[in-house]
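Here's the letter readout for the chains.
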2 protein chains.
Amino acid sequence: MVLFCLMKSQIRLLGIDDSPFSFTDRYGMVIGVVMRGGEYLESVLRRHVLVDGNDATFVCKDMIKKTRHRKQLKAMLLDGVALGGFNVVDIEDVYKSTDLPVITVTRDKPDFEKIKAALQKNFRDWKDRWDLLAKGELHRIKTSYNPVYVKCTGLSIEEAKEIIKISTIRGAMPEPIRVAHLIASGVARGESYGKA
Amino acid sequence: MVLFCLMKSQIRLLGIDDSPFSFTDRYGMVIGVVMRGGEYLESVLRRHVLVDGNDATFVCKDMIKKTRHRKQLKAMLLDGVALGGFNVVDIEDVYKSTDLPVITVTRDKPDFEKIKAALQKNFRDWKDRWDLLAKGELHRIKTSYNPVYVKCTGLSIEEAKEIIKISTIRGAMPEPIRVAHLIASGVARGESYGKA
């Protein structure tokens, strides 16, 4: 049983977050980190996405397929469902193309009405983005800290909960997402700040 | 005693490493990470130095003075004594200006004859750079893995050894340097590689 727990605590996870950007920026940086459970950083990946573009799904798939850690990875953890503004990630497409389960985690419950209004105002293809954003069930998961809001594909919500629990050290966010956030914001701004 | 060990294992360390660069690059990126002992990443800092320039000492001092974690920091750990090629860090100046002890750690024993020849060939101010590089005693420290080569200022070699021991998890390099290396190389190249 101890060995089993140890093995689980050592699973490799890919955490992804984007850098802060201003609306004059054409590209945003995307950082991926490969961690063993919530403890040991094994690798750092870097890509770019178009701010409010349509390439976030491709960029996630490309990161997964090209990293030399692909075979060890058990799941991808994503801070929300978009990178670089409203550049929405199709998590089902990521899973189907790569065979890697995907879990999205956010601290705050998305305000869907506000998001829909922003999409309608700013994008001709707002309906496509909205459909991607609204797709899949959103679960409210209790943690020892605050609740988080989770979507998952390629694994059950029970498995997703266990991965989140294994990889969270302090607070509510899994380490692979927290560390990706620190790197992305630190490199973009000079000193990291805020929470994933 | 347990509490004392716990406190020591939680000391805040600043680890610094530079990104890989090609000789057509004017600037190299410098990454700083603030960690609690060898375990928990608290912050990521980013600066640039001129490749083969003279600003590495200033950049290190600036990172230390400006981070909001300054008051918690107990030591700075540096991968070698130069950032961005032969941009040598004057670690005594860093210590005197910031009051933060500095430890340099390298995996390989520097080949001083080769370094001196390269400096003489490429720099009019080779003597100044050489004096900085050669300054201070170089200690060979055994670890459970391979030995490392260490210089320190602002603390005793015994204290430096203890900090290296506390902050090393796997292999021979302290985590703050290992993590700074992974971030610097991953952000510069797209995927991190090699050892600090």
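Everything here concerns the structure above.
A. View of the packing of helix 4 (residues 112-122) of chain A against helix 5 (residues 126-134) of chain A. Residues and elements named next belong to chain A. In contact at an axis separation of 9 Å, helix 4 and helix 5 are set at 155° when each is read in the N-to-C sense. The angle between helix 4 and helix 5 falls in the class roughly antiparallel. Helix 5 is crossed by helix 4, and the crossing has right-handed handedness. Across the interface between the two elements, Phe112, Ile115, Lys116, Leu119 and Gln120 of helix 4 pack against Trp126, Arg129, Trp130 and Leu133 of helix 5.

B. Region of interest: the sheet that holds strand 7 (residues 148-153) of chain B. Residues and elements named next belong to chain B. Strand order across the open sheet formed by 7 strands is 3-2-1-4-5-7-6, with mixed pairing between neighbours. Two strands bound the open sheet, and with one partner strand each, they are strand 3 (40-50) and strand 6 (139-141). The average undirected angle you get between the axes of adjacent strands in this sheet is 25°.

C. Representation of the pairing of strand 1 (residues 12-18) of chain A. Residues and elements named next belong to chain A. Of all 7 residues in strand 1, 6 are buried, a share of seventy percent or more. Taken together, the 5 bridges between strand 1 and strand 4 (residues 73-79) define a ladder with parallel strand orientation. Bridged to Arg12 within strand 4 is Leu73.

D. Layout of the relation of the copies chain B and chain A. Between chain B and chain A, which share one sequence, the superposing operator has a rotation angle of 180° and an axial displacement of 0.0 Å; the RMSD is 0.0 Å. In the structure described here, the two chain copies are related by an operation that fits a two-fold rotation axis.

E. Structural context of the packing of helix 2 (residues 56-66) of chain A against helix 3 (residues 91-98) of chain A. Residue and element names in this part refer to chain A. Running from N to C, helix 2 and helix 3 cross one another at 30°; their axes reach a closest spacing of 9 Å. With respect to helix 3, the axis of helix 2 lies roughly parallel. Helix-helix and strand crossings are classified by hand; for helix 2 and helix 3 the assignment is right-handed. Of the residues in helix 3, those in contact with Thr57, Cys60, Lys61, Ile64 and Lys65 of helix 2 are Asp93, Val94, Ser97 and Thr98. Each residue belonging to the contact of helix 2 with helix 3 can be placed in one class, and the counts come to 3 nonpolar, 3 polar and 3 charged.

F. Inspection of helix 3 of chain A at higher detail. All names here are of chain A. Within the sequence span of helix 3, burial applies to Ile91, Val94 and Thr98. Taken around the axis of helix 3, the buried residues stretch over an arc of 55°, which confines them to a single face. Buried residues along helix 3 sit against helix 2, strand 4, strand 5 (102-106) and strand 7 (148-153). Following helix 3 by one or two positions, Asp99 adopts a phi angle in the positive range, close to 65°.

G. Geometry of the environment of B:Arg189. The topology assignment puts B:Arg189 in helix 7 (residues 175-189). Placed 111 residues apart in sequence, B:Arg189 and B:Leu78 show a C-alpha to C-alpha distance of 21 Å. The residues touching B:Arg189, leaving out its near neighbours within four places in the chain, are A:Arg46 and B:Pro20. Within polar-contact distance, the side chain of B:Arg189 engages the side chain of B:Tyr193 at 3.0 Å.

H. Quick peek at the interface of chain B and chain A. Chain B puts 32 residues into the contact, and the matching count from chain A is 32 residues. Counting each side, the surface lost to burial between chain B and chain A is near 2300 Å², with a carbon and sulfur contribution of 45%. Among the residues of chain B in contact with chain A, B:Tyr40, B:Arg170 and B:Glu191 are the three that bury the most area, contributing 26% of the side total. Across the contact surface, chain B and chain A share 2 salt bridges. For A:Arg68, the salt bridge goes to B:Glu191, with nearest N and O atoms at 3.6 Å. Here chain B and chain A share 20 residue pairs in polar contact (both at pLDDT 80 or more) between them. Contributing elements (two or more residues each) for the side of chain B that touches chain A: strand 2 (27-36), strand 3 and helix 7 of chain B. It is helix 7 of chain B that contributes the most residues to the side of chain B that touches chain A, 9 residues altogether.

Cut-off values and rules
- Residues numbered from 1 in each chain as written.
- Chains lettered and ligands numbered in written order.
- Predicted model: local features only at pLDDT ≥ 70, side-chain atom pairs only at ≥ 80, totals over all residues.
- Heavy atoms only, no water.
- Axes fitted to C-alpha atoms, helices over the stretch in contact; angles between N-to-C directions.
- Helix = DSSP H or I, 4+ residues; strand = E, 2+ residues; numbered from the N terminus.
- Parallel < 35°, antiparallel > 145°, perpendicular 65-115°, else oblique.
- Left-handed = near helix turned anticlockwise from the far one by under 90°.
- Contact = heavy atoms within 4.5 Å.
- Pairing = 2+ DSSP bridges.
- Buried < 20%, exposed > 50% of the residue type's maximum accessible area, 1.4 Å probe, protein only.
- Least-squares fit on C-alpha atoms with pLDDT ≥ 70 in both.
- Nonpolar A, V, L, I, M, F, W, Y, C, P; charged D, E, K, R; others polar.
- Arc of directions from axis to C-beta.
- Polar contact = N/O pair within 3.5 Å; in protein donor to acceptor, adjacent residues only side chain to side chain.
- Buried area = accessible area lost by both parts, 1.4 Å probe.
- Salt bridge = Lys/Arg side-chain N within 4 Å of Asp/Glu carboxyl O.

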